[in-house]
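Breakdown of the fold
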Amino acid sequence: MDIQAEKLDIIKWLAGVNEPSIIKKLIALKQEQQADWWDEIDAEEKADIEQGLAQIDRGEGVPHEEVMAKYQEWRTK
């Protein structure tokens, strides 16, 4: 059986599952399989993010609303 047929078979089976423990196990499996985006980015990107967070902690950030008001003209084009 090909992978698409296998997936459809699982979907049909899952639609009929009423056992909470099975659903919980499937949710746990799904979470295990999902990659954390932090682990997918390189060291330079992580450093940039950490620098930005440090700036916010020091009060150097600009609120989103302020930025959006400043650049309102760009949003309407």
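Residues numbered from 1 in each chain as written. Predicted model: local features only at pLDDT ≥ 70, side-chain atom pairs only at ≥ 80, totals over all residues. Heavy atoms only, no water.

Some points on the overall build of the protein chain
For the protein chain, the helix and strand inventory stands at 6 helices and 0 strands. In sequence order, the secondary structure elements of the protein chain are arranged as α-α-α-α-α-α. In summary, the protein chain has a C-alpha radius of gyration of 22 Å against a globular reference of 11 Å for 77 residues, an excess of more than 25%. Seen through its C-alpha atoms, the protein chain measures out along the principal axes to roughly 55 × 35 × 30 Å. Carbon together with sulfur atoms contributes 56% to the accessible area of the protein chain, which is approximately 7300 Å² in total. Charged side chains in the protein chain number 10 positive and 18 negative. The centres of these two groups are separated by 7 Å. (Helix = DSSP H or I, 4+ residues; strand = E, 2+ residues; numbered from the N terminus. Rg over C-alpha atoms; globule rule 2.2 N^0.38 Å. Areas by Shrake-Rupley, 256 points an atom, 1.4 Å probe, with all protein chains shown as cover. Lys, Arg positive; Asp, Glu negative; His and termini not counted. Charge placed at Lys NZ, Arg CZ, Asp CG, Glu CD.)

Let's talk about the packing of aromatic side chains
In the structure shown here, the tally under the stated rule is 1 aromatic pair. Pairing tryptophan 37 with tryptophan 38 gives two aromatic rings, centres 5.6 Å apart and planes at 80 degrees, and the pair type is edge-to-face. The class of tryptophan 37 is exposed, set by a relative accessible area of 53%. (Phe/Tyr/Trp six-rings, centres within 6.5 Å; stacked < 30°, edge-to-face > 60°. Buried < 20%, exposed > 50% of the residue type's maximum accessible area, 1.4 Å probe, protein only.)

Thoughts on the confidence of the model for the protein chain
Chain-level pLDDT for the protein chain is 92 on average; 97% of the residues reach the 70-or-more range. Mean pLDDT across the elements of the protein chain ranges from a minimum in helix H6 (residues 72-75), with 78, to a maximum in helix H4 (residues 43-57), with 96. (pLDDT = per-residue confidence, 0-100.)

Comments concerning the pattern of salt bridges
The tally for this structure, following the rule as stated, stands at 1 salt bridge. Note that glutamate 60 is salt-bridged to arginine 58, the shortest N-O span being 3.0 Å. You can call glutamate 60 partly exposed: its relative accessible area is 47%. (Salt bridge = Lys/Arg side-chain N within 4 Å of Asp/Glu carboxyl O.)

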